[in-house]
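# Residue-level structure breakdown
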Amino acid sequence: MKAIGYQTPGSIDRQEALVDISLDQPIPQGKDLRVKIQAVSVNPVDYKIRQGMPAPEGGWNVLGYDASGVVDAVGEAVQNVQVGDQVFYAGSMIRPGTNSEYHLVDERIVAKKPTSLSHAEAAAMPLTSITAWEALFDRLDVTRPTTQGGKLILIIGGAGGVGSIAIQLLRALTDMTIITTVSRPETQAWVEELGAHHVIDHSKPMAPQIEALGLGAPGFVFSTNHRQHHLADIAELIAPQGRFSLTDEVEAFASQPFVMKSISVHFELMFTRSLFGTSDIAAQHQLLSKVAELIDAGKIKTTLTEIAGRINADNLKKVHAQLETGKARGKIVLEGF
């Protein structure tokens with residue numbers, strides 16, 4: 001089968017950074033589904049792994065997490081999915097990725113594709129939807145108001161993939177007031193279209209901008225990008241006893257301002273359940289199914305902003321380079337081999 005992989009990590013400008021290769025077609029076992037891939041989207045985790053993780057000796061690393069496709073074979077323990085089902089999902093960090101014609105995935109992290117979306121539109125959604133859902137409802141627990149600012153949330157990086165779906169989930173499922181950040185006019189228009197109530201500029205100090213809105217301090221802050229640059233600002237602007245979630249690791253930071261305000265800090269990695277085989281791994285099937293219902297009901301929409309051609313090494317290199325600028329809006333998808 002066709003696939004795209006690499007052996008040596010490094011920058012995207014190398015000829016060997018991503019390569020078109022041929023691999024054996026995988027055989028599903030246990031709870032595995034084998035999916036014929038129709039479309040994939042690219043996430044920052046793809047280029048971060050490509051930059052730093054070598055392939056097994058003599059082998060290849062195949063990247064890709066988001067996918068939409070058709071089930072063409074199942075393992076002997078599969079219970080809820082049948083051959084021919086159209087599905088979407090975000091895969092696992094410890095298995096070969098979706099940048100291949102056929103892909104194996106555990107049925108417990110898969111859901112039926114929204115019927116109202118094409119495969120390309122659906123492929124834009126899983127990883128960011130899971131990340132946003134878990135951060136908002138599992139980590140921050142936004143349906144349980146904080147003492148101050150309990151109906152006010154700040155989303156840092158609202159125009160990216162995660163921010164784009166987080167805004168929509170909050171509008172569809174809560175009555176919270178949403179402040180989000182962007183740094184360009186075109187991204188401001190995008191987040192306003194998605195439902196943000198207020199927009200500020202994260203390239204400038206945020207605390208004064210929050211104060212100028214006259215809404216008080218937000219009880220919740222969800223940081224989707226550049227968190228290392230914003231920590232001092234977040235500590236200043238968040239309400240005492242607030243909750244703060246972030247989607248990536250940070251270097252050592254001054255914790256005293258967070259301690260003084262008794263801020264709870266919640267890290268979110270959507271791969272945790274599949275990585276550790278947690279007892280609640282099927283929660284990802286359940287929440288993706290809810291996302292599909294919201295999409296088909298017209299309450300949220302795909303965050304697809306660009307289809308960048310077919311799934312091959314050249315096109316994936318271009319998308320990786322684009323994402324590395326940190327200026328992408330929504331999600332970029334590739335479809336078909």
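Structure: see above.
Described in the following lines is the structure provided in the data block. For clarity, every value in this text was computed on a predicted model and none was experimentally measured. (Residues numbered from 1 in each chain as written. Predicted model: local features only at pLDDT ≥ 70, side-chain atom pairs only at ≥ 80, totals over all residues. Heavy atoms only, no water.)

Glancing now at the overall build of the protein chain. Of regular secondary structure, the protein chain possesses 11 helices and 15 strands. Scaling as 2.2 N^0.38, a compact globule of 337 residues should have a C-alpha radius of gyration of about 20 Å, and the protein chain matches this with 20 Å. Judged by the C-alpha coordinates and their principal axes, the protein chain covers about 60 × 40 × 35 Å. Among the 337 residues that make up the protein chain, the fraction classed as buried is 56%. When the accessible area of the protein chain is evaluated, it comes to approximately 14300 Å², of which 50% is carbon and sulfur surface. Of the side chains in the protein chain, 30 bear a positive and 37 a negative charge, and the two mean positions are spaced by 3 Å. (Helix = DSSP H or I, 4+ residues; strand = E, 2+ residues; numbered from the N terminus. Rg over C-alpha atoms; globule rule 2.2 N^0.38 Å. Buried < 20%, exposed > 50% of the residue type's maximum accessible area, 1.4 Å probe, protein only. Areas by Shrake-Rupley, 256 points an atom, 1.4 Å probe, with all protein chains shown as cover. Lys, Arg positive; Asp, Glu negative; His and termini not counted. Charge placed at Lys NZ, Arg CZ, Asp CG, Glu CD.)

All right, on to the environment of A297 then. By secondary structure assignment, the location of A297 is in the loop between α10 (283–296) and β14 (304–307). With 57 residues separating them in the primary sequence, A297 and P240 have C-alpha atoms 37 Å apart.

Our focus in this paragraph is the sheet that holds strand β8 (residues 152–156). Pairing is parallel in the open sheet, where 6 strands are placed in the order β10-β9-β8-β11-β12-β13. The outermost strands of the open sheet, each flanked by one partner alone, are β10 (198–201) and β13 (264–267). Adjacent strand axes in the sheet meet at a mean angle of 20°, parallel and antiparallel pairs treated alike. In this sheet, β13 lies alongside strand β12 (residues 243–246) in parallel orientation, the contact comprising 4 bridges. (Pairing = 2+ DSSP bridges. Axes fitted to C-alpha atoms, helices over the stretch in contact; angles between N-to-C directions.)

Relative to the helices and strands, N315 is located in helix α11 (residues 313–324). When its relative accessible area of 15% is taken as the criterion, N315 is described as buried. Among all residues touching N315, those that are not within four sequence positions of it are A308, G309, R310 and L334. (Contact = heavy atoms within 4.5 Å.)

By volume, the second largest pocket is sized at about 230 Å³. M1, L23, D24, P26 and P96 are the residues nearest the centre of the second largest pocket, which is lined by 14 residues in total. Of the residues in the lining of the second largest pocket, the class split is 8 nonpolar, 4 polar and 2 charged. (1 Å grid on protein atoms, 1.4 Å probe; cavity = no way out; pocket = protein on both sides within 12 Å on 5 of 7 lines; lining within 4 Å. Points joined across faces, edges and corners; volume = space filled by probe spheres on them. Nonpolar A, V, L, I, M, F, W, Y, C, P; charged D, E, K, R; others polar.)

Moving on, we get to the packing of helix α3 (residues 126–139) against helix α4 (residues 161–173). With their axes 8 Å apart at the nearest point, α3 and α4 run at an angle of 55° to one another. By the angle class used here, α3 and α4 are oblique. As α3 packs across α4, the resulting crossing turns out to be right-handed. Taking contact as the criterion, the partners of T128, S129, T131, A132, W133, L136 and F137 in α3 are, on α4, G161, V162, I165, A166, L169, L170 and L173. Residue composition of the contact of α3 with α4, grouped by class: 10 nonpolar, 4 polar and no charged. (Parallel < 35°, antiparallel > 145°, perpendicular 65-115°, else oblique. Left-handed = near helix turned anticlockwise from the far one by under 90°.)

This paragraph deals with a nonpolar patch on the surface. Taken together, the side chains of M93, I94, L269, L275 and F276 present a nonpolar region at the surface, about 470 Å² in accessible area. Residue position: I94 is located in the loop between β5 (86–89) and β6 (102–106). Take I94: its relative accessible area is 56%, and that puts it in the exposed class. (Patch = residues over 30% accessible without salt bridge, like charges linked within 9 Å, V, L, I, M, F, W, Y side chains within 5 Å. Salt bridge = Lys/Arg side-chain N within 4 Å of Asp/Glu carboxyl O.)

Compared with an ideal rise of 1.5 Å per residue, which puts 14 residues at 20 Å, α3 spans 18 Å between its outermost C-alpha atoms and is within 8% of the ideal. Here α3 lies mainly inside the structure; 12 of its 14 residues are buried. Where α3 is concerned, the buried positions are P126, L127, T128, S129, I130, T131, A132, W133, E134, A135, L136 and F137. One or two steps after α3, the chain reaches D141, where phi turns positive at roughly 55°. (Expected span 1.5 Å × (residues − 1).)

Enumeration over the complete set of coordinates arrives at 18 salt bridges. D280 is paired through a salt bridge with R273; the nearest N and O atoms lie 2.9 Å apart. Accessibility expressed as a relative area gives 10% for R273, which makes it buried. Members of the salt-bridge network, linked through shared partners, are E134, D138, R139, E268, R273 and D280.

What follows deals with the nonpolar core. Membership of the largest hydrophobic core comes to 76 residues, with the highest contact counts inside it found for L136, V142, I153 and L169. Tallying contributions element by element places α3 first for this core, with 7 residues. With residues near it in sequence (within four places) discarded, L169 still touches S129, A132, W133, L136, F137, T174, L294 and I300. In this structure, L154, V221, L237 and I263 belong to the second largest nonpolar core, which totals 18 residues. (Core = buried A, V, L, I, M, F, W, Y, C linked by side-chain atoms within 4.5 Å.)

Here we take up the environment of R14. Here R14 is to be found in the loop between β1 (2–5) and β2 (19–22). Taking the C-alpha atoms as reference points, R14 and P185, separated by 171 residues in sequence, lie 33 Å from one another. Residues within four places of R14 in sequence aside, it is in contact with T8, P9 and K317. Polar contacts involving the side chain of R14 include one to the main-chain carbonyl oxygen of S11, which spans 2.8 Å. (Polar contact = N/O pair within 3.5 Å; in protein donor to acceptor, adjacent residues only side chain to side chain.)

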